[in-house]
Amino acid sequence: GSQIPLGDLPLGLDVSADGKLAVVTNNGVSNPAISVIDLATEREVQRVPVKNAWLGIKFARGHRSFFVSGGNENVVYRFAIQEDTVAVTDTIRFAEPYPKGNISVAGLDIDGTDSLLFVTCKGDSALRVVNLKTSPYSLTRIPLDAVPYTCLASKDGKRVFISLWSSSEVAAYDVSSSAITARLRVGEHPNGLAQSPDGKRLFVANANKNTVSVVDLSTWKVTETITTSLYPESPPGSTPSSVAVTPDGGLLLVANADNNCLAVFDISKPGQTKARGFIPVGWYPTAVRIHPIEKKILVLNGKGGTSLPNPKGPNPSLRGRPAYEEYIGTLLKGTMSVIEIPNSKQLAEYSGKVYQNTPGVEEISRKSTCAKPNPIPTQPGDPTPIKYVFYIIKENRTYDQVFGDMPEGHGDSTLCLFPERVTPNHHALAREFVLLDNFYVDAEVSADGHNWSMAAYATDYVEKTWPTLYGGRGGQYDFEREHVLTRPGGGYLWDLCRRKKVSYRSYGEYVTNGKTDKDSAKASAAGLEGHVAPFFRGWDLEYSDVDRVKAWMKEFEEREATG
């Protein structure tokens, strides 16, 4: 389809009832803003800066105003459409801005009469109900005992469904009694929600499990669990993050954030869902919606269409000269894809393209094409002479910044900041063992980078929250410790080692440092308990690489001596 440029990390999307406008929340490291899209011309006609924003955005049914989550500003903004522009006309405040308040407004929805606004707050794990007809607005807080992601008002206006991100559940809030009346187990990291047009089924995207749960709302039971991944046996990692149903109730569209595609299902017969294919989109799709009038699909691509070189830095020799530097966190700009709903023939072509974009995943996992002799096993279970693996992590540099000067690789010498005269050891290792030139990673910074390094995956929580923290707008750095929202569905490298009875030890990775050099470090992941070098420090800019080598050699020589 066509692509509309947006800001950093677009997360929230809604379309006016008349189909004329789409509004988007941009939630990256750069200053947050609301994009207004003219859907007739398919272009951004206005971008309105706000102090903070995250995920939630919803038109009132009268479609002349919309509400926006203020994230860690702990507010909801009310925008009005005035002739050809939109502007903030009201601010609903729940608490002082972060760090004084910890409400952290997430997803929101509004009832069918434009009377009640429902707001999920992930900071204090609560639902807030705002009566828009009173002056001042009356507020009700409903505790949830779990971190929520978003909410969705039922078609009949009697209930509000809430995806409980941290507890693998959806909850039902009863409007008449102002209470949570039911909870239901679904998959890990439930996030995006959608209803069938008849209001009888709820579709829940489960980001950490490659699935969508289908809930029968009359019985409050999961009647189907739909797999969204490219292959039936794919490990967790497709990251279904958003769902949408066509107005006729015939198709379900699922945004697979980490497969860069939409999965398409025929849901016309309840209980008999059929997979129809895939549609290629941009990088890390975060939201999918259907145009209410035209047969078009709207998709937010959180990281745009492609990775990019960064010729302006970060170059240590230019430090202190910001005009010459560009930060990776602001480099990737999102887009909106506008795609005609495909017919069967087009969908088959699109599906082929998605598989072409993901070559050989299943085959590679079963059999290698390495020429013999080679220490790499040809297939799982085959013998290898390799006895020990040393996995050394040096972060925050690209291939070209270190190895761009190596003629053996396909690099760009103009981007090389640390050539061989500066990094002789790196270059020697690359020549003696292996040079990986076409090397791409799905991480921009430490937060998601350590997760990709340790699990080949960063959860939707990690990907969607680090930009707010790195942008200085609140939150905490909890990305290098294991908890329910950071733990990947397939586990970490050490979990796989333990499963296969392979011994392992961590030197500084996923550890909490002791207060001094004489205090033992502690594991910050359950699988590392008893597997951490106690006096090797983790992240500490006062702890030099020379000292790291000394600490490692001391342990290594002790273990070598004892066998």
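Residues numbered from 1 in each chain as written. Predicted model: local features only at pLDDT ≥ 70, side-chain atom pairs only at ≥ 80, totals over all residues. Heavy atoms only, no water.

Thoughts on the overall build of the protein chain
Which entries qualify depends on this criterion: Secondary structure elements follow DSSP: runs of H or I no shorter than four residues count as helices, runs of E no shorter than two count as strands, and numbering proceeds from the N terminus. With the radius of gyration taken over C-alpha atoms, the globule rule is written as 2.2 Å times the number of residues to the power 0.38. Only protein chains enter the area calculation, which uses a 1.4 Å probe; residues under 20% of their type maximum are buried, those over 50% are exposed, and those in between are partly exposed. Any two residues having at least one pair of non-hydrogen atoms within 4.5 Å are treated as being in contact. Method for areas: the Shrake-Rupley scheme with a 1.4 Å probe, in which residue coverage is limited to the protein chains shown. Positive charges come from Lys and Arg alone, negative charges from Asp and Glu alone, with His and the N- and C-terminal ends not counted. Positions of charges follow a simple convention, taking NZ of Lys, CZ of Arg, CG of Asp or CD of Glu.
The helix and strand inventory of the protein chain stands at 9 helices and 30 strands. Its C-alpha atoms give the protein chain a radius of gyration of 25 Å, near enough to 24 Å, the size a compact globule of 563 residues would have. Its C-alpha atoms give the protein chain principal-axis dimensions of roughly 75 × 55 × 45 Å. With 563 residues in all, the protein chain has 51% of them scored as buried. In the protein chain, the share of contacts with a sequence separation of at least 24, taken over all contacts with a separation of at least 6, comes to 48%. Here the protein chain displays about 27,600 Å² of accessible surface, and carbon together with sulfur accounts for 53% of that area. Distance from the positive charge centre (61 side chains) to the negative charge centre (64 side chains) of the protein chain: 3 Å.

Digging into empty space enclosed by the protein
Here is the rule we go by: Here a cavity denotes a set of grid points, spaced 1 Å apart and computed over the protein atoms alone, in which a 1.4 Å probe fits but from which it cannot get out, and a pocket denotes an open set meeting protein on both sides within 12 Å along at least five of seven lines; residues with an atom within 4 Å of a point are reported as lining. Grid points are joined across faces, edges and corners, and a volume is the space filled by probe spheres set on the points.
Applying the stated criterion across every chain, the model contains 2 cavities of 30 Å³ or more. One number sums up the size of the largest cavity: a volume of about 120 Å³. Leu-9, Gly-329, Leu-332, Glu-444 and Trp-466 are, among the 13 residues lining the largest cavity, the residues nearest its centre. Of all the elements in the fold, those that place two or more residues in the lining of the largest cavity are helix 1 (328-331) and helix 7 (460-470). Among the elements that line the lining of the largest cavity, the one with the most residues is helix 7, at 3 residues.

Brief notes about unusual backbone geometry
Backbone torsion omega between Tyr-98 and Pro-99 reads 10°, so that peptide bond is classified as cis. Structurally, Pro-99 is set in the loop between strand 9 (85-93) and strand 10 (105-110). Cis geometry is adopted by the peptide bond preceding Pro-136, which originates at Ser-135 and carries an omega value of -5°. Summarising the element assignment, Pro-136 is placed in the loop between strand 12 (126-131) and strand 13 (138-143). With a phi close to 75°, Asn-396 is a non-glycine residue in the positive phi region. The topology assignment puts Asn-396 in the loop between helix 3 (361-366) and helix 4 (399-403).

Some words on the pairing of strand 16 (residues 169-174)
We apply this condition: Think of it this way: DSSP has to see at least two bridges between two strands before they count as a pair.
The element strand 16 is largely enclosed, with a buried count of 6 among its 6 residues. Here strand 16 shows a buried face lined by Glu-169, Ala-171 and Tyr-173 and a second buried face lined by Val-170, Ala-172 and Asp-174. Two elements, strand 15 (residues 159-164) and strand 16, share 6 bridges in a ladder whose sense is antiparallel. Bridged to Ser-163 within strand 16 is Val-170. Linking two consecutive strands that pair antiparallel, namely strand 15 and strand 16, is a turn of 4 residues; a positive phi of about 55° is found at Ser-168 within it. Examined bridge by bridge, strand 16 and strand 17 (residues 179-185) share 6 bridges and lie antiparallel to one another. Among the inter-strand pairings, Glu-169 is bridged to a residue of strand 17, identified as Arg-185. With antiparallel pairing between neighbouring strands as the criterion, strand 16 and strand 17 make up a hairpin whose turn holds 4 residues, including Ser-178 at a positive phi of roughly 55°.

Re the environment of Thr-89
As for its position among the elements, Thr-89 is in strand 9. The spacing of Thr-89 and Tyr-77 is 12 residues in sequence and 7.8 Å in space, taken between C-alpha atoms. Excluding residues that lie within four positions of it along the chain, Thr-89 makes contacts with Arg-78, Phe-79, Ala-80 and Gln-82.

Considering the packing of aromatic side chains
Where we set the bar: Two rings from Phe, Tyr or Trp (for Trp, the six-membered ring) form a pair when their centres are within 6.5 Å of each other. A pair whose planes differ by under 30 degrees is stacked, one over 60 is edge-to-face, and the rest are tilted. We call a charge positioned over a ring when the NZ of a Lys or the CZ of an Arg lies within 6 Å of the ring centre and within 35 degrees of the ring normal.
Following the criterion strictly, the structure yields 23 aromatic pairs and no others. Centroid distance Trp-165 to Tyr-461: 5.5 Å. Interplanar angle 65°. Geometry classified as edge-to-face. Of the two residues, Trp-165 sits in the loop between strand 15 and strand 16 while Tyr-461 sits in helix 7, which places them 296 residues apart along the sequence. Tyr-461 matches Trp-165 in its accessibility class, with the two residues each being buried. On the basis of an interplanar angle of 45° and a centroid distance of 6.3 Å, the ring pair of Tyr-461 and Phe-479 is categorised as tilted. Taken as a pair, Tyr-461 in helix 7 and Phe-479 in the loop between helix 7 and helix 8 (493-499) lie far apart in primary sequence, 18 residues in all. Exposure class is identical for Tyr-461 and Phe-479. Each is buried. Taken together, the ring pairs connect Trp-54, Tyr-149, Trp-165, Tyr-461, Tyr-477 and Phe-479 into an aromatic cluster. When the ring centre of Phe-94 is taken as reference, the NZ or CZ atom of Arg-128 above it lies at 5.7 Å. Sitting over the face of the ring of Tyr-284, Lys-303 holds its NZ or CZ atom 5.5 Å from the ring centroid.

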